[in-house]
Amino acid sequence: MTKATLATVWLDGCSGCHMSFLDMDERLLDVAARADLVYSPLVDVKEFPAMVDVTLVEGAVSSEDDLEKIRMVRAHTRILVSLGDCAVTANVPGMRNPYGPGPLLQRAYIENVTINAQLPSQVVPKLLAKSRPVHKVVDVDVFLPGCPPSADQIFWVVDELLAGRIPDTAKMSRFGT
Amino acid sequence: MSVRTLVINGKDVAGDADQTILEVARENSIHIPTLCHLKGLSDVGACRLCVVEVAGVNKLLAACVTKVEEGMSVVTDSPTLHDYRRTIIEMLFMERNHVCSVCVANNHCELQDAAKELGLTHFDLPPLEPVVEVDASHERFVIDHNRCILCTRCVRVCDEIEEAHTWDVFDRGAGCRVITDMGTPWGESRTCTSCGKCVQVCPTGALFEKGRSVAEAKHRRRFLPYLRALEQDQQ
């Protein structure tokens, strides 16, 4: 039997969910013994593999780059996990939604800047009209809300998935904190 | 005292004719989730979270405003009720801008707790994401309408306990708001006594004391039944 593969993806989030992932501490050895981390901000792999068993997604879908990335990830993932409040509800990135990207960029790059005020036009990906939860853009198999979800919760979900079960997160679900 | 006997979830119980299904259920350790209800205030059935099934009635009834009747048969939990309650909570989350992680009431919020209790892991309904005002004109308190679920606890405590009636409800539907003094800014209110009871009874982070940061708005509610009891003693 070949070893399972695991990936993590970082969209519009603060990386707190990835920090919580690392907070699994010695249990990371247990996970590593059962699955290979084949793509992640935590490892130096540039290309998403052809097919990954489990992908944890942190962050909302806020830019054209996020949108392209999550569609590609979904196409190459068996079980997609929406990890943390930004991925699940859009959370803090979604706070700009009532106003739209125009006033947001104006505030951040023009009004609050003292020198060389200009809107970004290169490298920085274009913002979508609304920041969206992952499941509003692609199908999601497992939801794990929390800001961030605790290391215990993440381990339980990963552990269940690697054991071939779809975890019922309803009993441990909580937004915020 | 006029006793009524009824059945709740198959259990024989008894209550006074003046009592609601919710009161009798709680006396018998039967849990019914609530949000707008608060012991010490009148009940208005605003949130509908406490809906129950009553045999022979073809609609769901709010347990907090339905009096017990002789021979009644009540079910407080079923897959149907669970679905309705989940939808109520989801609609409350989607109606305004609730962002638990950066809310003053994070970890001290009854809406957040209700979502947990009902096992909500995500929201399928489309969010309204309205532009909603925040009134920080009061010297000590803030009303953030982004977090308001229109439970009207503030309106009731101000009217029934403080007897100032500064708060009231304005407009309908998505435009509905709690307002102070016919819609003037809170800081200019001539009726507000700045007692802060409204802040203490708010189930979410809509009403809070200035200077509170994320997750710092703990509510102190135990004063309510005492004040109510004192009031009744005086009458």
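This text follows the structure it describes.
Novice: If you had to explain the sheet that holds strand S7 (residues 141–144) of chain B to someone new, which residues and values would you point to?
Specialist: Strand pairs in the sheet, formed through backbone hydrogen bonds, run parallel or antiparallel to each other. All names here are of chain B. Pairing in this open sheet of 3 strands is antiparallel, and the strands run S6-S7-S10 from one edge to the other. Each end of this open sheet is capped by a strand with a single partner; those strands are strand S6 (134–135) and strand S10 (207–209). Two strands pair when backbone bridges link them, and S7 and S10 are joined in this way by 3 bridges, in the antiparallel orientation. For Ile143, the partnering residue across the bridge sits in S10 and is Leu207.

Novice: Describe unusual backbone geometry, with residues and values.
Specialist: In this structure, the amide linkage connecting A:Cys147 to the following residue, A:Pro148, adopts the cis form with an omega of -10 degrees. The topology assignment puts A:Pro148 in the loop between strand S7 (142–144) and helix H6 (151–162). Residue A:Ala90 is not a glycine yet carries a positive backbone phi of 80 degrees. Among the structural elements, A:Ala90 can be located in the loop between helix H4 (85–89) and helix H5 (101–111). Residue B:Ser29 is not a glycine yet carries a positive backbone phi of 55 degrees.

Novice: Which residues make up the sheet that holds S7(A), and what values go with them?
Specialist: All names here are of chain A. Spatial ordering of the open sheet is given by S2-S1-S3-S5-S7, a layout of 5 strands whose pairing is parallel. If you trace the sheet from one side to the other, it starts and ends with strand S2 (35–39) and S7, each paired once. On average, adjacent strands in this sheet sit at an angle of 25 degrees to one another, irrespective of strand direction. Of the strand pairs in this sheet, strand S3 (residues 52–58) and strand S5 (residues 77–83) are connected by 6 bridges, and their pairing is parallel. Counted as the bridge partner of Glu58 is Leu83 from S5.

Novice: Tell me about the interface of chain B and chain A, and name the residues and values.
Specialist: Residue-level contacts link 19 residues of chain B with 23 residues of chain A. Its residues assigned to classes, the side of chain B that touches chain A shows 9 nonpolar, 8 polar and 2 charged.

Novice: Describe the pairing of strand S2 (residues 11–16) of chain B, naming the residues involved and giving the relevant values.
Specialist: All names here are of chain B. By the bridge criterion, 6 bridges tie strand S1 (residues 3–8) to S2 in an arrangement that is antiparallel. If you follow Leu6 over to S2, its bridge partner there is Val13. Between the end of S1 and the start of S2, which pair antiparallel, lie 2 residues, with Asn9 showing a positive phi angle near 50 degrees.

What counts, and where the lines are drawn
- Residues numbered from 1 in each chain as written.
- Chains lettered and ligands numbered in written order.
- Predicted model: local features only at pLDDT ≥ 70, side-chain atom pairs only at ≥ 80, totals over all residues.
- Pairing = 2+ DSSP bridges.
- Helix = DSSP H or I, 4+ residues; strand = E, 2+ residues; numbered from the N terminus.
- Axes fitted to C-alpha atoms, helices over the stretch in contact; angles between N-to-C directions.
- Contact = placed C-beta atoms within 7 Å.
- Nonpolar A, V, L, I, M, F, W, Y, C, P; charged D, E, K, R; others polar.

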